[in-house]
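Here is how the chains run, residue by residue.
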Amino acid sequence: MAFSVRCTVVLCLLWKSTGGDMFEDLVPSFMSRMKGVREVLLPVPEETLKEGLYYAASNYIPLDSETELCRNHSNFMFESFLNFDLWALKMVDASSKLPSGILDGCTKDIGNYDQCLSVEAPGKLFSGQLCVVEVTGFLPDLGTKLQERPFGFFGGDFLFSVCVPSSCTAQDVKTHLDLTLNSINASATISDSSCSSNIPVPLETKEWIAILVIVAIVMLVALSTAYETSSMERDKNTLLCAFSLKTNGHQMLSTRTTPAALTCLNGLRVLAMFWVIVGHRMFAMLTFPALRSKTILEKIDELVMAPIENTQLSVEIFFLMSGILVTYGFLRYMKKGHKFNLLYFYMYRYCRLTPALAMMVLLYATIAIRFADGPVWGKFFDMLNSGCRYDWWATLLYINNYYYNNQLCISQSWFMSSDFQLYLFSPILLIPLHKKPKLGFTAHCNIHCYNYPRWSLERHCQRPEGWKFI
């Protein structure tokens, strides 16, 4: 049956097709051959084949959309498909079909993105648009094991793509598919970010502002570099050289260390970074449509996968290094006889972190979504970084790990917020540690003895209903 379905697609692409791409000259030579092959592999009457294609296309093409323009274009595409026009055949062919490996959990297929977007209707009436659809309610309950495993941002029982006219909206596609799926008690989930087309989207005002800021920074770096290069060593102004690529590049690439540097932490930092990279690679694999969910379920609990599955523990290493460096720097500063200034202590940290973070927030809230494209890019980016458009201020105040509306602005920024909050409370322990070391050390031990059992219980024990840790 599956072989017959694939043969049908091939035959539809070649049977009675005419020009339109680089293989136009090859199409006629296949016609006679394919007709004979069809009669052998698909020994059904021509009218029966057309009837099957009619019902199949009526499910792919949004004939029951809400907007009139989408309905008109969909009807035109539908009629062209039944007439075996090549452009319409390519749009339907670019849509998802039944994937192989269903019994191994392969229930996701994203179609042919490039083929869909490359199609144009006659007279450039519209172009192809690929929409990724998630279907829920189709499969029976598969138990708690599947529900407990994070299979990424794309859930549902099935995930597939449909290539529709660019004049259709996500709601048009959902309305059409729900009419079919409701008969089997299933439903479609699709958002505006799930659809992609090659129609250029004009830049918004905020995007122009972001571009101007970037251009201004580039010009500032260029002017500062030119000033430093053309000035004599004794005539250089330190402030005017602050953005020089020459000076900053030399400092960033330098491997020199001061005698006071804790170089022993470099190895720990490298190992922790490797652990984080491997864990995020695993996270990326689970995030996007997986080919074999069954394999993931079978392998995820093996002992060799434990370090990867628990990669979040590597973050504790960075918290450890941050605490060591803050304590070491504070005690060295106080040992030199300096007076501790709490406001300077806080403002130095904030001004050191915020400019780079603010630039990232600006990019994520404006033009970063234009850096890439693809069938799942829009939804993936929107789910991870939609908070930058609304709750950007919480990120710049380092409270976004407590206050966020559905999604964080820059998913990794939770660590910076947590680290900054720990930095704010650090003087409570650092000052006693400096003035009365025994008292400070005792306070450190008490806090650790309280937090570790609490963290372990919360993480590894199933709490009774209604039970809360204070």
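Residues numbered from 1 in each chain as written. Predicted model: local features only at pLDDT ≥ 70, side-chain atom pairs only at ≥ 80, totals over all residues. Heavy atoms only, no water.

J.: Explain the overall build of the protein to me, using residue names and the numbers behind them.
T.: Counting secondary structure elements, the protein contains 19 helices and four strands. The buried share among the 470 residues of the protein stands at 36%. For the protein, the share of sequence-separated contacts (at least 6 apart) that also reach a separation of at least 24 residues comes to 67%. (Helix = DSSP H or I, 4+ residues; strand = E, 2+ residues; numbered from the N terminus. Buried < 20%, exposed > 50% of the residue type's maximum accessible area, 1.4 Å probe, protein only. Contact = heavy atoms within 4.5 Å.)

J.: Report on the state of the cysteines, specifying residues and quantitative values.
T.: Taken as a whole and assessed by the stated rule, the structure comprises four disulfides. Put simply, cysteine 116 and cysteine 163 are joined by a disulfide, and their sulfur atoms are 2.1 Å apart. Taking the torsion about the sulfur-sulfur bond, which here is approximately 90°, the covalent link between cysteine 116 and cysteine 163 counts as right-handed. Of this pair, cysteine 116 sits in helix α6 (residues 113–118) while cysteine 163 sits in strand β2 (residues 158–165), and the two are 47 residues apart along the sequence. At a sulfur-sulfur separation of 2.0 Å, the disulfide partner of cysteine 388 is cysteine 409. (Disulfide = S-S within 2.5 Å.)

J.: Any details on the packing of aromatic side chains? Residues and values, ideally.
T.: Per the counting criterion, the structure on display carries 19 aromatic pairs. An angle of 70° between the planes, with centres 5.1 Å apart, marks the rings of tyrosine 54 and phenylalanine 78 as edge-to-face. Residue tyrosine 54 is found in helix α3 (residues 46–60), and its partner phenylalanine 78 is found in helix α4 (residues 68–82); the two are separated by 24 residues along the sequence. You can call tyrosine 54 partly exposed: its relative accessible area is 40%. We classify phenylalanine 78 as buried; its relative accessible area is 7%. On the numbers, 5.9 Å between centres and 55° between planes, the contact of phenylalanine 345 with tyrosine 346 is tilted. (Phe/Tyr/Trp six-rings, centres within 6.5 Å; stacked < 30°, edge-to-face > 60°.)

J.: Describe unusual backbone geometry, with residues and values.
T.: Its identity as a non-glycine residue notwithstanding, tyrosine 398 has a phi of 60°, on the positive side. The residue isoleucine 410 is not glycine, and still its phi comes out positive at about 65°. The residue isoleucine 410 is located in the loop between α17 (392–396) and α18 (413–435) in this model.

J.: So, the pairing of β2: which residues are in play, and what are the values?
T.: For β2, the tally of buried residues reaches seven of eight residues, placing the bulk of the element in the interior. As paired strands, strand β1 (residues 128–136) and β2 are joined by eight bridges and run antiparallel to one another. The residue bridging cysteine 131 from the neighbouring strand is valine 162, located in β2. (Pairing = 2+ DSSP bridges.)

J.: So what about the side chain of glutamate 207? Which residues, and what values?
T.: Relative to the helices and strands, glutamate 207 is located in helix α9 (residues 205–230). Given a relative accessible area of 4%, glutamate 207 falls into the buried group. Only 2.8 Å separates the side chain of glutamate 207 from the backbone nitrogen of glutamate 204, close enough to count as a polar contact. Apart from the residues lying within four places of it in its own chain, the contact partners of glutamate 207 are Pro202, Thr366, Ile367 and Arg370. (Polar contact = N/O pair within 3.5 Å; in protein donor to acceptor, adjacent residues only side chain to side chain.)

J.: Describe the environment of glycine 137, with residues and values.
T.: Structurally, the position occupied by glycine 137 is in the loop between β1 and α7 (144–148). Residue class for glycine 137 comes out partly exposed when judged on its relative accessible area of 42%. Here the alpha-carbon distance between glycine 137 and leucine 181, two residues 44 residues apart in the chain, equals 9.1 Å. In this view, glycine 137 contacts Asp157, Ile184, Asn185 and Ala186; residues no more than four positions away in its chain are not counted.

J.: How would you sum up the pattern of salt bridges? Please name residues and give values.
T.: Going through the model one piece at a time under the given rule, you end up with seven salt bridges. Residues aspartate 93 and lysine 97 are paired through a salt bridge, measuring 3.4 Å at the closest nitrogen-oxygen approach. Using a relative accessible area of 18% as the deciding quantity, one classes aspartate 93 as buried. Between arginine 370 and glutamate 207 there is a salt bridge, and its shortest N-O distance comes to 2.8 Å. Of this pair, arginine 370 sits in the loop between α15 (342–365) and α16 (377–385) while glutamate 207 sits in helix α9, and the two are 163 residues apart along the sequence. (Salt bridge = Lys/Arg side-chain N within 4 Å of Asp/Glu carboxyl O.)

J.: If you had to explain the nonpolar core to someone new, which residues and values would you point to?
T.: One broad rule of soluble globular proteins: the nonpolar side chains tend to lie buried together. Of all hydrophobic cores here, the largest spans 23 residues; its most connected members are Ile61, Met77, Phe81, Trp87 and Met91. For this core, the elements supplying multiple residues, two or more each, are α3, α4, α5 (86–94) and α6. The element that contributes the greatest number of residues to this core is α5, accounting for six residues. In this structure methionine 91 touches Met77, Val119, Phe126, Gly128, Cys163, Val164 and Pro165, once residues within four positions along its chain are discounted. (Core = buried A, V, L, I, M, F, W, Y, C linked by side-chain atoms within 4.5 Å.)

J.: Which residues make up the packing of helix α14 (residues 314–335) against α18, and what values go with them?
T.: To characterise two packed helices, one gives the angle between the axes of the helices and the distance between these axes. Between α14 and α18, whose axes approach to 10 Å, the crossing angle comes to 40°. Considering their axes alone, α14 and α18 lie oblique with respect to each other. The crossing of α14 and α18 is right-handed. Where α14 approaches α18, its residues Val315, Phe318, Phe319, Ser322, Val326, Thr327, Phe330, Leu331 and Met334 are matched on the opposing element by Trp414, Phe415, Ser418, Asp419, Leu422, Tyr423, Ser426, Leu430, Ile431, Leu433 and His434. (Axes fitted to C-alpha atoms, helices over the stretch in contact; angles between N-to-C directions. Parallel < 35°, antiparallel > 145°, perpendicular 65-115°, else oblique. Left-handed = near helix turned anticlockwise from the far one by under 90°.)

J.: Break down a nonpolar patch on the surface for me, citing the residues and quoting the values.
T.: Residues Trp392, Trp393, Leu397, Ile399, Tyr402 and Tyr403 make up a contiguous nonpolar surface patch of about 660 Å² in total accessible area. Turning to its location among the elements, tryptophan 393 is positioned in helix α17. (Patch = residues over 30% accessible without salt bridge, like charges linked within 9 Å, V, L, I, M, F, W, Y side chains within 5 Å. Areas by Shrake-Rupley, 256 points an atom, 1.4 Å probe, with all protein chains shown as cover.)

J.: Could you give me a rundown of α15, with the residues and numbers involved?
T.: The end-to-end C-alpha distance of α15, which contains 24 residues, comes to 33 Å, matching closely the 34 Å that a straight helix rising 1.5 Å per residue would cover. The sharpest bend along α15 measures roughly 35° and falls at threonine 354, with the proline proline 355 sitting one to four residues further on. Listed in full, the buried residues belonging to α15 are Phe345, Arg349, Thr354, Leu357, Val361, Leu363, Tyr364 and Ala365. Its side-chain oxygen at 3.1 Å from the backbone nitrogen of leucine 343, asparagine 341 defines the N-terminal cap of α15. (Expected span 1.5 Å × (residues − 1). Bend = angle between axes of the 7 residues up to and from the residue.)

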